[in-house]
Amino acid sequence: MSKYEDLIQKVIYACVDRNAKRFASLFSPEGKIIFNQNYCVYQPEIEKITAEYFKNLSTIKINIINMSIKKNKAFIEWDWYDYNVVKQKENIHRNVIILEFQDDLISQWIEY
């Protein structure tokens, strides 16, 4: 397993465990997440935003459909399953995520 595959597995475990602190620790100090090309979260806010999101979920499951790693980039297609306790609803999303790495951490996460 490459160092980037290992990092991606750590991302998945942090999400499944709903551990926002561990998730945020996988980003570089300048790291950011871009959702749907119009909403950007920078490293100082990643833990807070992620914790807010996770607090309404009782279960998260992630199934990788496709993954390709080239140099310092990863292209991931996964199915994200969660159960929102506030809405009492199961959600399923197919996401495409592009990760860029710097110094063995995530410098940019773009999610579609």
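Source: prediction; values computed, not measured. (Residues numbered from 1 in each chain as written. Predicted model: local features only at pLDDT ≥ 70, side-chain atom pairs only at ≥ 80, totals over all residues. Heavy atoms only, no water.)

Time to look at the packing of aromatic side chains. Tallying each qualifying case throughout the model produces nine aromatic pairs. Ring centres 4.1 Å apart and planes at 10 degrees place the aromatic pair Y4 and F101 in the stacked group. With a gap of 97 residues between them, Y4 in helix α1 (residues 3–16) and F101 in strand β5 (residues 89–102) connect regions that are remote in the sequence. Ring geometry for W78 versus W80: centroids 6.4 Å apart, planes at 35 degrees, classification tilted. Accessibility expressed as a relative area gives 2% for W78, which makes it buried. Grouping aromatic residues by their ring pairs yields a cluster made of F23, F27, Y53, F54, W78, W80 and W109. (Phe/Tyr/Trp six-rings, centres within 6.5 Å; stacked < 30°, edge-to-face > 60°. Helix = DSSP H or I, 4+ residues; strand = E, 2+ residues; numbered from the N terminus. Buried < 20%, exposed > 50% of the residue type's maximum accessible area, 1.4 Å probe, protein only.)

What follows concerns the pairing of strand β3 (residues 57–70). Along any regular strand the residues' side chains alternate between the sheet's two faces. Inspection of the sheet shows β3 paired to strand β4 (residues 73–84) by twelve bridges, in the antiparallel sense. Its bridge partner being in β4, I69 is matched across the sheet by A74. Between β3 and the antiparallel strand that follows it, β4, lie two residues; K71 among them carries a positive phi value of about 50 degrees. (Pairing = 2+ DSSP bridges.)

Right, let's talk about unusual backbone geometry for a bit. One non-glycine residue, Q88, lies in the positive phi region at around 50 degrees. Checked against the element boundaries, Q88 lands in the loop between β4 and β5. The residue D104 is not glycine, and still its phi comes out positive at about 65 degrees. Mapped onto the elements of the fold, D104 is located in the loop between β5 and β6 (105–111). Overall, the relative accessible area of 43% leaves D104 in the partly exposed class.

Such coordinate-based values are descriptive only and should not be taken to indicate function.
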